[in-house]
Every structure is written in structure tokens, then in C-alpha cells.
Amino acid sequence: DEERMAIENEFNDRREELQRSERGRDPSAWERLEKDRQDRFGQLDERFRQLDRERQDYRNSRHRRELDSRRAEFEREWDQRRKDEGEHFDEEMYEFERSMMLRQIELDEERMAIENEFNDRREELQRSERGQDQSEWERLEKDRQDRFGELDERFRQLDRQRQQFLEEHQEQQDERWR
């Protein structure tokens, strides 16, 4: 923001200087000044976009590491349970919980991909003529909300499946002990 203000101040000074000088009568001098101004702001905007991409890449990388860590922690915990419980280890529960964890990770990765897609679409809209149309921004935001809403429903569905399995599994366990 400071750099943007500095560029604007520089071009205000250059406009005033041009206005006071003989060159100010030449329309091409004004066109060059405006082109220089647009180029400088374009370069600054590109630096901001690059910074946003780096920030997004960092978040994605960190999130992937967290997902990998979650997978590894899950396996460590269940390996320990397998050792502790021996022949009483519930392999069916392990397989189910593992499949749920993997499906949840898939959904998390999909959330990341959707976020990346919409960051790209926002960037593209910002650079295009369509970016001047508020309805394009509203449409983009509605698309984003719809996609995340669908994904959230899939998370809820996964939770319902987990709950249903756990209830049925507990009933089966209770039946065995009777």
C-alpha cells in the first residue's frame, strides 16, 4: 500500500510538472505518462499476485504436511492398539476408521483444490474487463459458496456414515457378549 501511494505521488508530481511545461501541450506526452503509470501499477499488481501465490503455496504445503502427519499418527495409534489388544484387536473397526480417515483427507484435499481454483478465478477476473462488473464478482462468490456448501454436505454425510457404522458395530459387539 505504501508503494502504491508512493507511485501515485510520483505520478501526481510528474503530471503537475508536465502541466507546467511546454511538453504539456503534446497529447502524446500525456499518453506516455499515463502508460508509464499503468505499467508501474501493473508491475506492482503482479508483485501482489506473486505474493498471494507464494502465500497460497505455503498454506497448501503446510496443509499437505498436516494431512501426512494425520495419516502417520493414525497408523501409529492403531499399531499401538494392535500390539496392546493382541488377538482381541478389532480389525473391522480399524479398516472402517482407516477408510473414514482417508475419505476425510480426500475431502480436505478437495477443499484445498477448490480454494486454489477460486483464487485463480479471482485473479483472472481482477485482470479482465469483466472485473469491473460487480455481478461477475457476485457470481464468482456464489459459485464458491455453492461448491463449499456441497463439500460441507459431503463432510456431514461422512459423519453420518461414521455414526451409523459405530452404532451398528456396537450393537454387534453387544450381541456377541450376550
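Trainee: Now, about the layout of surface pockets: what can you tell me, with residues and values included?
Mentor: If you add up the space inside the largest pocket, you get close to 420 Å³. Mapped by element, the contributors of at least two residues to the lining of the largest pocket are helix H2 (27–85) and helix H3 (91–127). For the lining of the largest pocket, the element with the most residues is H2, which contributes nine residues. Split by residue class, the lining of the largest pocket holds two nonpolar, four polar and 12 charged.

Trainee: Explain the nonpolar core to me, using residue names and the numbers behind them.
Mentor: Formed by 20 residues in total, the largest nonpolar core has its most connected members in Phe74, Trp78, Tyr94, Leu107, Ile114 and Leu151. Sorting the residues of this core by element identifies H2, H3 and helix H4 (134–177) as the ones contributing at least two each. Sorting elements by how many residues they give to this core places H3 first, with 10 residues. Among residues more than four places away in sequence, those in contact with Phe74 are Tyr94, Glu97, Arg98 and Met101. Among the nonpolar cores identified, the runner-up in size contains seven residues, and Ile7, Ala29, Leu33 and Leu44 belong to it.

Trainee: Can you tell me about the side chain of Arg162, naming the residues and giving the values?
Mentor: Considering the arrangement of structural elements, one finds Arg162 in helix H4. The exposure class assigned to Arg162 is buried, which follows from its relative accessible area of 18%. Excluding anything up to four places from it in sequence, Arg162 contacts Phe96, Glu97, Met100, Met101 and Gln104.

Trainee: Outline a negative patch on the surface, listing residues and values.
Mentor: A grouping of Glu167, Glu168, Glu171 and Asp174 is seen on the molecular surface, where their side chains present a negatively charged patch. Structurally, Glu167 can be placed in helix H4.

Trainee: Which residues make up the pattern of salt bridges, and what values do they have?
Mentor: In the structure shown here, the tally under the stated rule is 39 salt bridges. In this structure, Arg71 and Asp68 form a salt bridge, with 2.7 Å as the shortest nitrogen-oxygen distance. You can see Arg71 and its partner Asp68 sitting in helix H2, three residues apart, about one turn around the helix. Assessed through its relative accessible area of 27%, Arg71 is described here as partly exposed. Among the salt bridges present, the one from Arg160 reaches Glu153, with a minimum N-O distance of 2.7 Å. Members of the salt-bridge network, linked through shared partners, are Glu46, Arg49, Arg53, Glu123 and Arg127.

What counts and what doesn't
Residues numbered from 1 in each chain as written. Predicted model: local features only at pLDDT ≥ 70, side-chain atom pairs only at ≥ 80, totals over all residues. Heavy atoms only, no water. 1 Å grid on protein atoms, 1.4 Å probe; cavity = no way out; pocket = protein on both sides within 12 Å on 5 of 7 lines; lining within 4 Å. Points joined across faces, edges and corners; volume = space filled by probe spheres on them. Helix = DSSP H or I, 4+ residues; strand = E, 2+ residues; numbered from the N terminus. Nonpolar A, V, L, I, M, F, W, Y, C, P; charged D, E, K, R; others polar. Core = buried A, V, L, I, M, F, W, Y, C linked by side-chain atoms within 4.5 Å. Buried < 20%, exposed > 50% of the residue type's maximum accessible area, 1.4 Å probe, protein only. Contact = heavy atoms within 4.5 Å. Patch = residues over 30% accessible without salt bridge, like charges linked within 9 Å, V, L, I, M, F, W, Y side chains within 5 Å. Areas by Shrake-Rupley, 256 points an atom, 1.4 Å probe, with all protein chains shown as cover. Salt bridge = Lys/Arg side-chain N within 4 Å of Asp/Glu carboxyl O. Lys, Arg positive; Asp, Glu negative; His and termini not counted. Charge placed at Lys NZ, Arg CZ, Asp CG, Glu CD.

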